[in-house]
Each structure stands twice: as C-alpha cells, then as structure tokens.
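# Observations on the three-dimensional arrangement
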Amino acid sequence: MPLRLPDKLPAIDLLKQENIFVMDDSRAHMQDIRPLKIVILNLMPLKITTETDLIRLLSNTPLQLEISFMKLRSHTPKNTPIEHMMMFYRDFEQIRNEKYDGMIITGAPVETLDFEEVTYWDEMKDIFEWARTHVTSTLYICWAAQAGLYYHYDIPKYPLVKKMFGIFPQVPLEPLLPIFRGFDDVFQMPHSRHTELHREDILANPELKLIAESPDCGVSMVMARNGREFFITGHLEYAPNTLDKEYKRDKDIRDDVELPKNYYRDNDPANEPLVTWRAHANLLYSNWINYYVYQETPYDINQIE
C-alpha cells in the first residue's frame, strides 16, 4: 500500500522520481481503509530534506500510512520557507487532542546546549508527556533520543572530545526482538553528534533496555515500555549524500573538520560515499511500523492510552 501524504508536499514528486508509490489525500479519501496515523515532529533545519528521508523509509511497508507534520509554536525555523511550514505543519496545540498510532521526533541542532537552555524545552517536555498517552509507539532520533531519555529517565548526556562523525558498525544485543527481525549480526548506522550516552547509565535503570551498541560509538539503541519508546542515537534515515554535504559545509567554515569515518570509497572525499546502511534502515522502520505500531495499536484510535 502507498503512503498517504498532504497534497502538494514536495517529497511526493521527489519520491515518485525514485519509483516510490505515494498517494495524496485526494486519492486516499476514495479508499475505505483505516490508515495508520503517523505524526513527525521535525526539528531539523532542512525540513524538506528530512521529510523526504523519513517518508522514503516509511514507504517500505504494505500498510497505508497517513503522515502529518508537527511544529513548535515556541520556535521559528530559519531554513525552510514560511509558506511550506504554514501549508504542511501544525502547531502542537492544534493537535493536542488527537491520537496517533506512531510518532517520530527528529534530531535538532542544539546538541551542545544543556537541555534546560534550549529555548523550546518547555514545549518539548509537554510533547514528551503527551506522546505517552496519545501515541502507541514513538521513535526518538539523535538529540531527541538524548532529550527523551533525560526527561523520562534522568539519563544524562556527555560531551565528546571530538565529533562522532561517520558510519559505524552496530551490534544488536537483543537479536530476537521484533525490531531486529531479518537483521544481520552487525549493521551499519550513520552518526553525527558531539555528545553521547553512557551504557552504565542505561543498564542501571530497570525501565530501560539497551538493545544495540557499537564498539566504536557506544550506545546506539535503547527501548522502553515494551517498544512504546525507542531511542536511536544515530541517523539511519540519512540519504547517501547527507554526511558529504555536512563535511563540505563545515570544511568551508573551519580547518579542524575530520573526514567522516567509513564513508567515502577508499577514504577519499573525491569519491562517492559507500552506502552500507540503507537495507537495515528500511528493515528497522518496516519492523517498527509492523510489530510496534500496527500490531499493537487499537483499531479505534481513540482507545490509545
């Protein structure tokens, strides 16, 4: 089944060029199917890029998904046209009384700040609390993963001496979990962050389960509440050229920027990136949608609690 997206969303044309079947609202209304409602709180600066990255992964499922986008009232993005935000995004207050089968909260470029220093932290706390009673399962990505663990479980983040930047091998610690169904013994995940979590903090909390980690970049996936919450410290959603753009952008600004590890062919930025994470990215999102959203959410969405 296709994805159900708002009419005229830029990602529709971009994904159709990749031969991905998507459906706009006008056509979807003609189908008598209860779609799964997924809301994305997109905190990344380049909204359209992140929308496309996530929708690309969510498309790899036989279920019909209705995708909505949430924005913060307490923050105005600088890198996305206001017309785009007004057309496709709604404030949290506008959807506070709605319920969703799944939710994705993205990373944000505020990682080096203390959580309480983030200008929209109060609104984020409201959303974290709301998600527990209005969403069946929530994916927290990168900064959102650290923020969610801090808010819900008092897990601190720690500054890194240098940026964790590149593609790193991850080991599933609970390979029989449905989220890892079909996974290999090792999978790759892009990372781009200045802070980290410590495994001893996760293991000391009986409400948390460390389900994947890396010998190179540490904690990568944490699960809570039997899969109603997943915290992912990397970026499986990244497109092949995302780290390349980030590297070249930063290199033009500073002289101390290191190459992303395990990324370019022959470790040469003149070469194309070697994509090693795409298959597991698609598999993880499909498993999440199937086993932790579709299999767990009530048919009457209002019964989510």
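This text follows the structure it describes.
Residues numbered from 1 in each chain as written. Predicted model: local features only at pLDDT ≥ 70, side-chain atom pairs only at ≥ 80, totals over all residues. Heavy atoms only, no water.

## Some words on the side chain of Gln146
For clarity, the cut-off: Runs of E in the DSSP output that reach at least two residues are strands. Runs of H or I that reach at least four are helices, and both are numbered from the N terminus. The buried label goes to any residue with under 20% of its type's maximum accessible area, the exposed label to any with over 50%, and the partly exposed label to all in between, with areas taken from a 1.4 Å probe on protein chains only. The contact criterion used throughout is that any non-hydrogen atoms of two residues lie within 4.5 Å.
Mapped onto the elements, Gln146 comes out in helix α7 (residues 143–153). Judged by relative accessible area, Gln146 falls into the buried class, the value being 3%. Sequence-distant contacts of Gln146, defined by excluding residues within four places in its chain, comprise Glu111, Phe115, Ile155, Lys157, Thr195, Glu196 and Leu197.

## With respect to the pattern of salt bridges
Put simply, the rule is: Here a salt bridge means any side-chain nitrogen of Lys or Arg lying within 4 Å of a carboxyl oxygen belonging to Asp or Glu.
Summed over all chains, the structure comprises 16 salt bridges. A salt bridge links Asp244 to Lys248, with the nearest nitrogen and oxygen atoms 3.2 Å apart. A residue pair is termed a helical-turn pair when its members lie 3 or 4 positions apart in one helix, as Asp244 and Lys248 do in helix α9 (residues 242–251) at four residues. What makes Asp244 buried here is its relative accessible area of 13%. Given a relative accessible area of 40%, Lys248 falls into the partly exposed group. Within this structure, Lys163, Glu246, Arg249 and Asp250 form a network of salt bridges that share partners.

## Here's the deal with the environment of Leu173
Tracing the sequence through the fold places Leu173 in the loop between β8 (158–172) and β9 (187–196). Sequence separation between Leu173 and Asp185 is 12 residues, and the spatial gap between their C-alpha atoms is 9.3 Å. Beyond its immediate sequence surroundings of up to four residues, Leu173 is in contact with Leu210, Ile211, Ala212 and Glu213.

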